[in-house]
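Okay, here's what each chain looks like letter by letter:
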Amino acid sequence: MSGRVEKGDTAPDFALPDETGAVRRLTELLAEGPVVLFFYPAALSPGCTAQACRFRDLAAEFAAVGARPVGISSDAVERQAEFAGRHALGMPLLSDADGTVRERFGVKRGIALAPTKRATFVIGRDRTVLEVVRSELRMNAHADRALAALRDQRGQEVRADRRG
């Protein structure tokens, strides 16, 4: 399956190595709560560092809504480990070296130096895509809009529980 994943779609499951080499599967990550899957073009580049550090800086807010950010790029496991360590990111960074997952989510770009488009997918526990953020230049928009979508979703669930 390839194409462009949109809000309301079911996110494709996948398994990729993280920065430690451990294989992470989307469905296993979702067992703990919603996942904010953010794609970035290149570890350690200025824009991607700003994007990832914004997710790191909002870690407590994401935890408060039961969600966890997970980064993904075409960088090798070793480069992801360097990125995570240099900036104390504290979240899984997945290596999509062959581009399979990038293609399945519709964020593949035909540029060798930056093969991944910058995009973020807020994915509910049932794999439903709750929000999609696409911005190449507004690095903070990814974490900020993902958090807003999760807070909105949580508010809807609380209101539904009160009615039920």
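Before any of the text, the structure's been laid out above.
Thresholds, definitions, all that
The numbers attached to residues start from 1 for each chain and follow its sequence in the written order. Only residues with pLDDT of at least 70 get local features here, since the model is predicted, and only at 80 or more are side-chain atom pairs given and counted; chain-wide, interface and lining totals rely on the full set of residues. With hydrogens and water excluded, all non-hydrogen atoms of the structure serve as input to the side-chain values. Should DSSP find at least two bridges between two strands, the strands are regarded as paired. Helix numbers and strand numbers start at the N terminus; a helix is a DSSP run of H or I with at least 4 residues, a strand a run of E with at least 2. Convention adopted: a line fitted to C-alpha atoms gives each axis, helices being fitted over their contacting stretch, and angles between N-to-C directions are expressed from 0 to 180 degrees. Here, residues are in contact when the closest pair of their heavy atoms is within 4.5 Å. Relative accessible area decides the class of each residue, using a 1.4 Å probe on protein chains only: under 20% of the type maximum gives buried, over 50% gives exposed, and in between gives partly exposed. A pair is scored as a salt bridge if a Lys or Arg side-chain nitrogen falls within 4 Å of a carboxyl oxygen belonging to Asp or Glu.

Chemist: So what's going on with the sheet that holds strand S6 (residues 119-123)? Residues and values would help.
Modeler: Across the sheet, which stays open at both edges, the five strands sit in the order S5-S4-S3-S6-S7 with mixed pairing between neighbours. If you trace the sheet from one side to the other, it starts and ends with strand S5 (93-95) and strand S7 (129-134), each paired once. The mean inter-strand angle of the sheet, taken between neighbouring strand axes irrespective of direction, is 20°. In terms of strand pairing, strand S4 (residues 68-73) meets S5 through three bridges, oriented parallel. Considered in S5, the bridge of Gly71 is made with Leu93. The sheet strands contacting helix H2 (residues 46-57) are strand S3 (35-39), S4 and S6, and the helix crosses S3 at an angle near 165°. Contacts from helix H4 (residues 77-86) reach S4 and S5, with the element oriented near 165° to S5.

Chemist: Got a sec to walk through the environment of Arg127? Specific residues and values, please.
Modeler: Of note, Arg127 is situated in the loop between S6 and S7. Overall, Arg127 belongs to the partly exposed group, its relative accessible area being 24%. Separated by 93 residues in sequence, Arg127 and Pro34 have C-alpha atoms that sit 8.4 Å apart. If near-sequence neighbours (up to four positions away) are discounted, Arg127 is found in contact with Asp9, Thr10, Ala11, Pro12, Asp13, Thr27 and Leu30.

Chemist: How would you summarise the pattern of salt bridges if you had to cite specific residues and measurements?
Modeler: Scanning all chains against the criterion turns up nine salt bridges. A salt bridge links Arg86 to Glu82, with the nearest nitrogen and oxygen atoms 2.5 Å apart. Residue Arg86 and its partner Glu82 are located together in helix H4, separated by four residues, close to a single helical turn. You can call Arg86 exposed: its relative accessible area is 53%.

Everything listed here is a matter of geometry and, on its own, says nothing about what the molecule does.
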